[in-house]
Amino acid sequence: MARSKQKVHSEVLIEVCCQNFEGVWFGVACNQEEIVSTSFGASEKKTLTSILASIPFDVPFQVSYEPSAFAESVLDSLKKIFVGRKPDNTFCFDYAPLPAYTQKVLKATAQIPIGYVTSYGSIAKAVGGGARAVGNIMASNRFAPIVPCHRVVKSDFTLGGYGGGLKTKVELLNREKKGFFDSMQVQVEGGFLTVFPTEYVLRNLGS
DNA sequence: TGCAAACCATAAC
DNA sequence: GTTATGGTTTGCA
């Protein structure tokens, strides 16, 4: 029986998991070895809703309460990032559904090291395009906080915005500060991105 | 400082 | 196609 020409979606069943860690809900959607989306928030419902929003209607998914080894390792990394530590693993993301420019911006954002921030305009300068467009992409970042959009601020080192709330953004940055003094350049697709010590932002908040 | 105008990719009609 | 929408930036008073 020839079935090979049929589109069999069941082969890409997406696994969705949520876990609570110290009062915060972390969620992941993944297919085998790729992250489809991640999220975190104060309630399970909100976290789950934001995860599900990034799964296309015609793709089946399954909410699992017993995460696969891969999902478990992603959740583990989410928690580590949340407390300001470096995750053990690097992951592949399912960038395919996203527009090319969005992919470029997210990949550049992913290059910002712990202890550093950059600005919307700096990313725009590195990969092309404009700061507002970068801001829009941050706002709809489906890989937070693994793609660290909390490390992107305004050019005057004030906070800008954050989907999870500015309070959360400050908390994350506070845990990530390393006491660096100098800015530096990191290589990204399309050029070099200037990053600045997290302290530049934090010392702005006091006054 | 504060305001206005320019900027720019997306998503939604 | 066209328009609306921002997690911005910059210049000018």
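Small disclaimer: the values here were computed from a predicted structure and weren't measured.

1. Quick look at the protein's contact with DNA strand B
And then number 1: Taken together, the residues surrounding DNA strand B are P99, Y101, T102, G129, G130, R132, A133 and N136.
And then number 2: Contacts to DNA strand B include Y101, whose backbone N or O atom sits 3.4 Å from a phosphate oxygen.
And then number 3: T102 places a main-chain nitrogen or oxygen 3.1 Å from a phosphate oxygen of DNA strand B.
And then number 4: Secondary structure elements with two or more residues in the surface near DNA strand B: α3 (100-109) and α5 (131-139).
And then number 5: For the surface near DNA strand B, the leading source of residues is α5, giving 3 residues.
And then number 6: Partitioning the surface near DNA strand B into residue classes produces 3 nonpolar, 4 polar and 1 charged.

2. Notes on the packing of helix α4 (residues 120-127) against α5
And then number 1: At a closest axis distance of 8 Å, the pairing of α4 and α5 adopts a crossing angle of 110°. Comparing the axis directions of α4 and α5 gives the class roughly perpendicular. Within the contact between the two elements, α4 uses Y120, G121, I123 and A124 and α5 uses A131, V134, G135 and M138.
And then number 2: For the contact of α4 with α5, the residue count by class is 6 nonpolar, 2 polar and no charged.

3. Concerning the nonpolar core
And then number 1: In this structure, I35, V74, M138, F143, I146 and L193 are the most contacted members of the largest nonpolar core, which totals 43 residues.
And then number 2: Of all the secondary structure elements, the ones that give two or more residues to this core are β2 (24-31), β3 (34-41), α2 (69-82), α3, α4, α5, β8 (184-188) and β9 (191-197).
And then number 3: For this core, the leading source of residues is α2, giving 7 residues.
And then number 4: In contact with L193, other than residues within four places in its own chain, are A108, I112, T118, S122, I123, A126, M184, Q185, V186 and V188.
And then number 5: If you look at the next biggest cluster of nonpolar residues, it comprises 10 residues, including V16, V36, L48 and V59.

4. Some points on the layout of surface pockets
And then number 1: Each pocket or cavity is described by its volume, and for the largest pocket that value is around 740 Å³.
And then number 2: If you go around the largest pocket, you meet 29 residues; those closest to its centre are S39, F40, Y162, G163 and G164.
And then number 3: When contributions to the lining of the largest pocket are tallied by element, the ones reaching two or more residues are β3, α1 (44-52), α5 and α6 (166-176).
And then number 4: Among the elements that make up the lining of the largest pocket, the one with the highest residue count is β3 (5 residues).
And then number 5: Residue classes in the lining of the largest pocket are distributed as 11 nonpolar, 15 polar and 3 charged.
And then number 6: Estimates place the volume of the second largest pocket at around 600 Å³.
And then number 7: As for the second largest pocket, its lining consists of 22 residues, of which P87, T90, A110, I112 and I146 are closest to the centre.
And then number 8: Of the residues contributing to the lining of the second largest pocket, the split by class is 11 nonpolar, 5 polar and 6 charged.

5. Side note on the pattern of salt bridges
And then number 1: If you walk through the whole model with that rule in mind, you get 4 salt bridges.
And then number 2: Note that D76 and K80 form a salt bridge whose closest N and O atoms lie 3.3 Å from each other. Taken together, the positions of D76 and K80, both in helix α2 and 4 residues apart, correspond to about one turn of that helix.
And then number 3: When its relative accessible area of 13% is taken as the criterion, K80 is described as buried.
And then number 4: R175 is the salt-bridge partner of E171, the closest N and O atoms lying 3.8 Å from each other. Taken as a pair, E171 and R175 lie in helix α6 at a separation of 4 residues, close to a single helical turn.

6. Describing the packing of aromatic side chains
And then number 1: Taken as a whole, this structure holds 12 aromatic pairs when the rule is applied.
And then number 2: Ring centres 5.6 Å apart and planes at 50° place the aromatic pair F93 and Y95 in the tilted group. Neither F93 nor Y95 differs from the other in exposure class; each is buried.
And then number 3: Each ring, one from F157 and one from F196, has its centre 5.1 Å from the other, and the planes form 75°; the classification is edge-to-face. Separated by 39 residues along the polypeptide, F157 in the loop between β7 (152-153) and α6 and F196 in strand β9 bring together distant segments of the chain.

Each value, and the rule that gives it
- Residues numbered from 1 in each chain as written.
- Chains lettered and ligands numbered in written order.
- Predicted model: local features only at pLDDT ≥ 70, side-chain atom pairs only at ≥ 80, totals over all residues.
- Heavy atoms only, no water.
- Near = heavy atom within 4 Å.
- Polar contact = N/O pair within 3.5 Å; in protein donor to acceptor, adjacent residues only side chain to side chain.
- Helix = DSSP H or I, 4+ residues; strand = E, 2+ residues; numbered from the N terminus.
- Nonpolar A, V, L, I, M, F, W, Y, C, P; charged D, E, K, R; others polar.
- Axes fitted to C-alpha atoms, helices over the stretch in contact; angles between N-to-C directions.
- Parallel < 35°, antiparallel > 145°, perpendicular 65-115°, else oblique.
- Contact = heavy atoms within 4.5 Å.
- Core = buried A, V, L, I, M, F, W, Y, C linked by side-chain atoms within 4.5 Å.
- Buried < 20%, exposed > 50% of the residue type's maximum accessible area, 1.4 Å probe, protein only.
- 1 Å grid on protein atoms, 1.4 Å probe; cavity = no way out; pocket = protein on both sides within 12 Å on 5 of 7 lines; lining within 4 Å.
- Points joined across faces, edges and corners; volume = space filled by probe spheres on them.
- Salt bridge = Lys/Arg side-chain N within 4 Å of Asp/Glu carboxyl O.
- Phe/Tyr/Trp six-rings, centres within 6.5 Å; stacked < 30°, edge-to-face > 60°.

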